[in-house]
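An overview of the molecular structure
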Amino acid sequence: MAGTTAETTAAIIDGKAFAAGLRARIATQVAELKAAQGITPGLAVVLVGEDPASAVYVRNKGIQTREVGMSSFEHKLPAETPEADLLALIDRLNADPAVHGILVQLPLPGHMDATKVINAIAPAKDADGFHILNVGLLGTGQKAMVPCTPLGCLMMLRDHLGSLAGLNAVVVGRSNIVGKPMAQLLLNESCTVTVAHSRTRDLPDVCRGADILVAAVGRPGMIKGDWVKPGATVIDVGINRIEVDGKARLVGDVDYAAAARVAGAITPVPGGVGPMTIACLLANTLTACCRANGLPDPEGLTP
Ligand code: NDP
């Protein structure tokens, strides 16, 4: 899943192609499940409010869910919906046997407590892996629902590097949705893990020690080329919208052009981690469906 261009020495880890391959494998597994067991995996996505970026994500999730042969249930609630009504909807989805995965699109309107809402989802249906029980299961190396973005990063790292054991991994960013679960997954792979954040001293030097460098910060081009160890594998989770010459562009947290001259392999933005996130949401829904029906975990979709 890698190539090079004239300007770069790094192999480019093509997340778009990887995600397409992953979705094709999921579609095959879904078809087999339907044929053998008469079961159709179902994903419910809940959107509260009118945030345009969230509406686009939800639409794309619905399209891709149907494309792999799963049922997609979309619930759109007005921004002023009382929290109690959202919790009541989650209760109904928890009890619905046609729903195997539930995702509540974040961010939620200010009057809602996102932690309370996420923890109302049945842990076995927690397709995003944000429920406190799943966080604990992942942290103790047990079977969990794993957050989609870090799961996608891990799949690409394994595909590119094989065993990760013993490698020095630096994760820049410590959010609950990306940085912390990414660090935990890498620790579970027997990497030696450093988690860096806004209070880290001498971040460039910390990054230079990384065989695997994961950037999940939200600051365009913050990681410079000379922060990258020669030959390192760089995973750029950042999605930042900037304007260049009056045109909107998406860039990552890594100075891609400079880092690609030093790294051994790198994910581009767009076309790297982004496409893997929805593919892993589908993977998690299929995993949840198999577990709900007492079947073994699907091949190659879990850590
Ligand atoms: P958060 O804002 O929740 O976390 C950002 C982290 O970066 C924090 O831990 C923060 O440290 C750290 N940070 C901020 N500034 C610095 C700095 N100057 N030096 C070192 N660390 C710093 O962001 P998310 O984790 O939600 O997202 C990170 C990026 O990933 C964003 O660009 C987001 O859009 C993207 N993203 C992409 C996804 C995908 O599908 N590809 C999915 C999810 C996110 P501290 O804790 O000390 O404040």
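Refer to the preceding data block for the structure.
Note that this is a predicted model, so its numbers are computed, not measured. Along each chain, numbering runs from 1 in the same order as the chain's sequence is written. Where local features are concerned, this predicted model is filtered to residues with pLDDT of at least 70; where side-chain atom pairs are given and counted, the filter is 80 or more; whole-chain, interface and lining totals use all residues. As a rule here, side-chain values cover all heavy atoms of the structure and leave hydrogens and water aside.

What follows covers the overall build of the protein. Strands are runs of DSSP state E lasting at least two residues, helices are runs of H or I lasting at least four, and both sets are numbered from the N terminus onward. In terms of regular secondary structure, the protein is built from 10 helices and 12 strands. The C-alpha extent of the protein, read off along each of the three principal axes, is 50 × 45 × 35 Å. Accessibility here uses a 1.4 Å probe with only protein chains present; expressed as a share of the type maximum, an area under 20% marks a residue as buried, one over 50% as exposed, and anything in between as partly exposed. When each of the 303 residues of the protein is scored for burial, the buried share is 48%. The long-range share in the protein, meaning contacts at least 24 apart out of those at least 6 apart in sequence, stands at 67%. Within the structure as shown, the protein displays about 13,500 Å² of accessible surface, and the carbon and sulfur contribution to it stands at 54%. A distance of 1 Å separates the average location of the 26 positive side-chain charges in the protein from that of its 28 negative side-chain charges. Any two residues having at least one pair of non-hydrogen atoms within 4.5 Å are treated as being in contact. What sets the accessible areas is the Shrake-Rupley method with a 1.4 Å probe; for residues, cover comes only from the shown protein chains. Here Asp and Glu are counted as negative and Lys and Arg as positive; His is not counted, and neither are the chain ends. By convention, the charge on Lys lies at NZ, on Arg at CZ, on Asp at CG and on Glu at CD.

Quick look at the packing of helix α6 (residues 148–161) against helix α10 (residues 273–292) now. Axis separation between α6 and α10 bottoms out at 8 Å; the angle between their running directions is 105°. In terms of orientation, α6 and α10 fall into the roughly perpendicular class. In this structure, α6 uses C148, T149, L151, G152, C153, M155 and M156 to contact α10, whose residues at the interface are V273, M276, T277, C280, L281 and N284. Each residue receives one of three labels: charged for Asp, Glu, Lys and Arg, nonpolar for Ala, Val, Leu, Ile, Met, Phe, Trp, Tyr, Cys and Pro, and polar for the others, Gly being one of them. Looking at the contact of α6 with α10, its residues break down into nine nonpolar, four polar and no charged. For helices, the fitted line uses only the C-alpha atoms of the stretch in contact; every axis is such a line through C-alpha atoms, and the angle between N-to-C directions lies from 0 to 180 degrees. Note on angle classes: values under 35 degrees are labelled roughly parallel, values over 145 roughly antiparallel, values of 65 to 115 roughly perpendicular, and the remainder oblique.

In what follows, salt bridge is the name for a side-chain nitrogen of Lys or Arg lying within 4 Å of a carboxyl oxygen of Asp or Glu. All chains considered together, the criterion is met by eight salt bridges. Where E74 meets R66, a salt bridge forms, and the shortest distance between an N and an O atom there is 3.7 Å. Residue R66 is classed as partly exposed on the basis of its relative accessible area of 46%. A salt bridge links E74 to K76, with the shortest nitrogen-to-oxygen separation between them at 3.9 Å. Looking at E74, the relative accessible area reads 32%, which means it is partly exposed.

Moving on to the environment of A122. For A122, the location among the structural elements is in the loop between α4 (114–118) and α5 (132–139). Take A122: its relative accessible area is 22%, and that puts it in the partly exposed class. Counting along the chain gives 160 residues from A122 to L282, while the straight-line C-alpha distance between them is 17 Å.

This part is about the nonpolar core. Most often, soluble globular proteins have nonpolar side chains that are buried together. Residues belong to a common nonpolar core when they are buried Ala, Val, Leu, Ile, Met, Phe, Trp, Tyr or Cys residues joined through side-chain atoms within 4.5 Å. In this structure, I26 and L186 are the most contacted members of the largest nonpolar core, which totals 53 residues. Elements supplying a minimum of two residues to this core: β2 (11–13), α1 (15–37), β3 (42–48), α6, β6 (168–172), α7 (179–188), β8 (212–215) and α10. Of the residues forming this core, the biggest block, 10 residues, is contributed by α10. In this document the domain limits rely on a domain assignment from an automatic tool or a database. Among the domains, domain 1 (37–124) and domain 2 (147–275) are the pair contributing at least three residues each to this core.

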